[in-house]
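Here is how the chains run, residue by residue.
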Amino acid sequence: STWPMWVLGFVAMIDNVDQYIVRGTSNQIERAFGVGDFQIGILFSAFIVLNGIATMPASYLGDRWSRTKIMAVTITGWSLISALGGVVPADAFALLVVLRGALGFGQAVTGPSSSSLMADFYGIERRGRAFSIQQCLIYVGLGLGLAIGSFFGTRFGHYGWRLAFGVSIFPGLLIAYFCWRLPEPSRGTADRAHVTGATGMEVATESEPLFPGGFSRFMGDMVRGLRADVRTILAIPTMRYALVGVSSILFVVTAVSTWMPTLYERQFHLAQGSANLAFGALVILAGVPGTLVGGLIADRWVNRVVGARVVIPGVCIGVSGVFFMVSFIPMPFAIVFVLQLMAFLISASSVPALRAGLTDVVPAHLRGTGSGAFNLTSIVFGSAAAPVATAAVATHFGGNYRVAFSLVMPIAFVGAFFLLAARRHIETDTAKIFEAVAVALKDQHGSGTRDQS
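Residues numbered from 1 in each chain as written. Predicted model: local features only at pLDDT ≥ 70, side-chain atom pairs only at ≥ 80, totals over all residues. Heavy atoms only, no water.

This next bit is on unusual backbone geometry. Not every positive phi belongs to a glycine, and H269 is a case in point at roughly 60 degrees. Considering the arrangement of structural elements, one finds H269 in the loop between α11 (237-267) and α12 (272-300). (Helix = DSSP H or I, 4+ residues; strand = E, 2+ residues; numbered from the N terminus.)

So this is what it looks like as structure tokens:
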């Protein structure tokens, strides 16, 4: 069924709606609290930093408890927290930072659990498409967040941004219900089906109780378990290269997605609503078709090109970076928009292959932790500092984000290089996963035969 991939995509979508409502109302928030770009950068970074703090414990939980139920509870909580941000007093900007940061804990739970579920719902031949649907809805959520923020922020005066914060609560609760109703697949069911040729999905029938030996014992087990899990993840060569590459790329992606509308306002003199609309249109018009094409390529070329899962993103990011660098040369906005449209389309094509590739090389029982390690490294060494650092560079050059982006963009080429370097390892690492599954199934079959005799 395609329903699970859509539900997991809706989770990512509503999360991005919540995030980018802030981007769409940033001018009104600045005026309401009397702050500037640097403080708004902190507001964006708070979400990312707290996401990084929570991601590994959340991944540990996702690898051991019911992922669908954890996600449902988490989405319910973050929908309520997002709405609370709209009632923060005008003299309590720090409280707004805390509340927006708390949403980072929510994504730290849903991100790894969603990736793990996607790999159990869909085998290696369909993962590219599944992740492409999810990524498309991320872009839709980004565009909706900007549109909602701009609409309420520019039309409802001083209270517009406050009203915008409450918009996502009802769709959030609906998506939480969808997650609750999803079946919980047995971990590794899609990998076992790939090896045996079986059809259908094994549904998990049991789940561990909450804190079976008490909370203190659980915390000790979690610390020891995470250490062992992370050692296993870092022993996979593909993951080591990918963690460096993706961290570099996400620094640039976060910087661009945070401040591109501001570039349109200041360097091209677009009104706030027009700038947000232009960026939202850019992301959706390029991101959705780019991701769909990338998903098809990821599944079609996985057995045709050696290391396709990392070669595709490495090449796409490199070519996309060239288009972006050219777009930062002073020229009419129409030409810049076309160049950036091409850049976004090409970069979006890289995502399904990369997401599927990082899932392929990690054992099924550690896919939540693998996603968490990927997320943590990307945050610590990449995206956490991007909003603040880019704002600081732009401020140094008189608020010029064209110069700031020109200095930031070359970091993406470093990331592309490391992804291409992972080509030498990804096929071997993927084969090890299926060899381990085959051995486990053989041992299980042998044990069952002996029991019968």
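On to the packing of helix α5 (residues 93-121) against helix α6 (residues 127-155), then. Two elements in contact, α5 and α6, have axes whose closest approach is 10 Å; the angle formed by their N-to-C orientations is 145 degrees. For the pair α5 and α6, the sense of crossing is right-handed. Residue-level contacts link S114, S115, M118 and A119 of α5 to R127, A130, F131 and Q134 of α6. Per-class residue counts for the contact of α5 with α6 are four nonpolar, three polar and one charged. (Axes fitted to C-alpha atoms, helices over the stretch in contact; angles between N-to-C directions. Left-handed = near helix turned anticlockwise from the far one by under 90°. Contact = heavy atoms within 4.5 Å. Nonpolar A, V, L, I, M, F, W, Y, C, P; charged D, E, K, R; others polar.)

The next subject is α11. The end-to-end C-alpha distance of α11, which contains 31 residues, comes to 43 Å, matching closely the 45 Å that a straight helix rising 1.5 Å per residue would cover. Along α11, the helix axis deviates most sharply at W259, where the bend reaches about 50 degrees; the proline P261 sits within four residues downstream. Where burial is concerned, most of α11 is hidden: 25 out of the 31 residues are buried. Of the residues one or two after α11, H269 is the one with positive phi, at around 60 degrees. (Expected span 1.5 Å × (residues − 1). Bend = angle between axes of the 7 residues up to and from the residue. Buried < 20%, exposed > 50% of the residue type's maximum accessible area, 1.4 Å probe, protein only.)

Let us now look at the nonpolar core. Nonpolar side chains in soluble globular proteins generally cluster together in the buried interior. Counting residues in hydrophobic clusters, the biggest one holds 102 residues, and the most contacted among them are I29, M260, Y264 and F279. If one sorts the elements of this core by residue count, α11 sits on top with twelve residues. Excluding anything up to four places from it in sequence, M260 contacts F279, F324, F328, Q340 and F405. Counting residues in hydrophobic clusters, the runner-up holds eleven residues, among them Y60, I70, V109 and M222. (Core = buried A, V, L, I, M, F, W, Y, C linked by side-chain atoms within 4.5 Å.)

What follows covers the pattern of salt bridges. According to the stated counting rule, one finds three salt bridges in the structure shown. Notably, a salt bridge pairs D37 with R266, separated by 2.7 Å at the nearest N-O pair. In this pair, D37 sits in helix α3 (residues 37-62) while R266 sits in helix α11, placing the two residues 229 residues apart along the sequence. Residue classification places D37 among the buried positions, given a relative accessible area of 12%. Of the charged contacts, one joins R67 and D120 as a salt bridge, the two residues approaching to 2.8 Å between their closest N and O atoms. Of this pair, R67 sits in helix α4 (residues 67-84) while D120 sits in helix α5, and the two are 53 residues apart along the sequence. This pair shows no difference in class: R67 is buried, exactly as D120 is. Within the structure, one salt-bridge network assembled from shared partners comprises R67, D120 and E184. (Salt bridge = Lys/Arg side-chain N within 4 Å of Asp/Glu carboxyl O.)

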